[in-house]
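Residue strings, one per chain:
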Amino acid sequence: MSPLLEIKDVEAGYGPFVVLHGVSLRVDRGEIVALVGPNGAGKTTTLKTIVGLTTLYRGRVVLDGRDVTREPPHARVGRGLALVPEGRGIFVPLTVLENLRLGAYSREARAKMDETLEMVFSVFPRLKERRNQIAGTLSGEESQMLAIGRALMSRPRVLLLDESSQGLAPKIVEELFEVFRRLNSEWGVTMLLVEQHVKRSLELANRAYVMESGRIVLEGESGELMRNEMLRKAYLVV
Ligand SMILES: Nc1ncnc2c1ncn2[C@@H]1O[C@H](COP(=O)(O)OP(=O)(O)O)[C@@H](O)[C@H]1O
Ligand SMILES: [Mg+2]
């Protein structure tokens, strides 16, 4: 099977600061792939590079066989990449429903808006209850749900999630991972998941990449990685 999303030998960063040193990874259609690693490893930079928000020095970004390396961020988003950034980013003066509607910006997404809203409300019933509430008055976890819901409204081919569970209570993190599982199994959403919760991510994902200092240092099937001594020592044993 050809990969849905692939980055090849990417060297990227911010202006003169090189952060990624030859990173390659791929996400196949229907997969959940986890990208894990310590703070400062370059996980966020990898996601930003995929959507075109960094300086690229070398390498390629390929979406469904099409080289999008030279395309600006809005064009890549139009082709089906949606990033839920760290720290959310919702429009606080607008209502929940207005935020969700704004997520459906392509003509195709607008045509499917009612159907997609139903999907979002079925995985996040709390957003349905609060659809007329101003987004700025939502709790942290509700804002996170809204950020994910808004990204889903664009009907992404690949959903890129940057530490969506950060700062959430353990029970809510559990619920969020269950939502990821449902989105994938019931709705076929392909995901690249950047997470601090390494063990949970590996339990959910088909495959995973471990990143350190701007390089992929380990990759493989999740089950295999969970048995990897080095990874267990570094992340799984508390
Ligand atoms: N806007 C920026 N300008 C310069 N350096 C940055 C910028 N953002 C992040 N970095 C640096 O890039 C490295 C990787 O950061 P990041 O991708 O955010 O890591 P992670 O998400 O894995 O914690 C860090 O050393 C960080 O200081
Ligand atoms: Mg980060």
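Reference entry: report on the structure contained in this document.

The rules behind these values
- Residues numbered from 1 in each chain as written.
- Chains lettered and ligands numbered in written order.
- Predicted model: local features only at pLDDT ≥ 70, side-chain atom pairs only at ≥ 80, totals over all residues.
- Heavy atoms only, no water.
- Near = heavy atom within 4 Å.
- Polar contact = N/O pair within 3.5 Å; in protein donor to acceptor, adjacent residues only side chain to side chain.
- Helix = DSSP H or I, 4+ residues; strand = E, 2+ residues; numbered from the N terminus.
- Nonpolar A, V, L, I, M, F, W, Y, C, P; charged D, E, K, R; others polar.
- Pairing = 2+ DSSP bridges.
- Contact = heavy atoms within 4.5 Å.
- Axes fitted to C-alpha atoms, helices over the stretch in contact; angles between N-to-C directions.
- Parallel < 35°, antiparallel > 145°, perpendicular 65-115°, else oblique.
- Left-handed = near helix turned anticlockwise from the far one by under 90°.
- Core = buried A, V, L, I, M, F, W, Y, C linked by side-chain atoms within 4.5 Å.
- Buried < 20%, exposed > 50% of the residue type's maximum accessible area, 1.4 Å probe, protein only.
- Phe/Tyr/Trp six-rings, centres within 6.5 Å; stacked < 30°, edge-to-face > 60°.
- Lys NZ or Arg CZ within 6 Å of the ring centre and 35° of its normal.
- Salt bridge = Lys/Arg side-chain N within 4 Å of Asp/Glu carboxyl O.

### Digging into the site of ligand 1
At step 1: Taken together, the residues surrounding ligand 1 are Tyr-14, Phe-17, Val-19, Pro-38, Asn-39, Gly-40, Ala-41, Gly-42, Lys-43, Thr-44 and Thr-45.
At step 2: Within the backbone of Gly-42, a nitrogen or oxygen atom sits 3.0 Å from an oxygen atom of ligand 1.
At step 3: Between Thr-44 and ligand 1, the recorded distance is 2.8 Å, taken from a side-chain N or O atom to an oxygen atom.
At step 4: Put simply, the parts of the chain that give the shell around ligand 1 at least two residues each are strand E2 (17-27) and helix H1 (43-51).
At step 5: Here the residues of the shell around ligand 1 are counted per class, giving 5 nonpolar, 5 polar and 1 charged.

### A few points about the sheet that holds strand E1 (residues 5-14)
At step 1: Read from one edge to the other, the open sheet built from 4 strands follows the order E2-E1-E4-E5, with strand pairing classed as antiparallel. A single partner strand is all that each edge strand has here, and the edge strands are E2 and strand E5 (66-67).
At step 2: Inspection of the sheet shows E1 paired to strand E4 (residues 55-63) by 7 bridges, in the antiparallel sense. Across the sheet, the residue bridging to Lys-8 is Arg-60, located in E4.
At step 3: Strands in contact with H1 are E1, E2 and E4; relative to E1, the strand with the most contacts, it is inclined by about 110°.

### A look at the sheet that holds strand E3 (residues 32-36)
At step 1: Taken together, 6 strands build an open sheet; the order of strands is E6-E7-E8-E3-E9-E10 and the sheet is mixed. Every other strand in the sheet has two partners, leaving strand E6 (81-84) and strand E10 (215-221) as the edge strands with one partner each. Neighbour to neighbour, the strand axes of the sheet diverge by 15° on average, direction disregarded.
At step 2: As paired strands, E6 and strand E7 (residues 158-162) are joined by 4 bridges and run parallel to one another. Residue pairing across strands places Val-84 opposite Leu-161, the latter belonging to E7.
At step 3: The sheet contacts of helix H7 (residues 140-153) involve E6 and E7, and relative to E6 the element is tilted by about 170°.

### Some details on the packing of helix H5 (residues 113-123) against H7
At step 1: Contact pair H5 / H7: the axes reach a minimum separation of 9 Å and the direction vectors enclose 150°. Judged by the inter-axis angle, H5 sits roughly antiparallel to H7. Pair H5 / H7 crosses with right-handed handedness. Here Met-113, Thr-116, Leu-117, Met-119 and Val-120 of H5 come into contact with H7, specifically with Gly-149, Leu-152 and Met-153.
At step 2: Looking at the contact of H5 with H7 residue by residue, the class counts come to 6 nonpolar, 2 polar and no charged.

### With respect to the pairing of E4
At step 1: In this sheet, E5 lies alongside E4 in antiparallel orientation, the contact comprising 2 bridges. Note that in E5 the partner of Val-62 across the bridge is Asp-67.
At step 2: As consecutive antiparallel partners, E4 and E5 are separated by 2 residues, and within that stretch Asp-64 has a phi angle of approximately 50°, a positive value.

### Regarding the nonpolar core
At step 1: Core analysis: the largest hydrophobic core is formed by 50 residues, its most contacted members being Phe-124, Leu-159 and Phe-180.
At step 2: Excluding residues that lie within four positions of it along the chain, Phe-124 makes contacts with Met-145, Ile-148, Gly-149, Leu-176 and Val-179.
At step 3: Judged by nonpolar contacts, the second largest core, of 25 residues, contains Val-61, Leu-63, Leu-81 and Met-211.

### Remarks on the packing of helix H3 (residues 96-103) against H7
At step 1: The interhelical angle for the contact between H3 and H7, taken along N-to-C directions, is 35°, at an axis separation of 6 Å. Two packed elements cross with a definite hand, and for H3 against H7 that hand is right-handed. The residues of H7 that touch H3, namely those facing Val-96, Asn-99, Leu-100 and Gly-103, are Leu-146, Gly-149, Arg-150 and Met-153.
At step 2: Of the residues belonging to the contact of H3 with H7, the class tally is 4 nonpolar, 3 polar and 1 charged.

### Concerning the packing of aromatic side chains
The relative placement of two aromatic rings is captured by the distance of their centres and the angle of their planes.
At step 1: Tallied over the entire structure, the rule returns 1 aromatic pair.
At step 2: Here Arg-200 stacks its cationic end above the ring of Phe-177, 6.0 Å away from the centre of that ring.

### A closer look at the pattern of salt bridges
At step 1: For the structure on display, the rule yields 20 salt bridges.
At step 2: Among the ionic pairs, Glu-6 bridges to Lys-8, the shortest N-O distance being 3.9 Å.
At step 3: A residue is classified by how much of its surface remains accessible, and Lys-8, at 31% relative accessible area, is partly exposed.
At step 4: Ionic pairing is found between Arg-79 and Glu-71, a salt bridge with its closest N-O pair at 2.8 Å.
At step 5: Here Glu-71 falls in the buried class, since its relative accessible area comes to 16%.
At step 6: It is possible to trace a salt-bridge network through shared partners that takes in Arg-126, Arg-130, Glu-141 and Glu-142.

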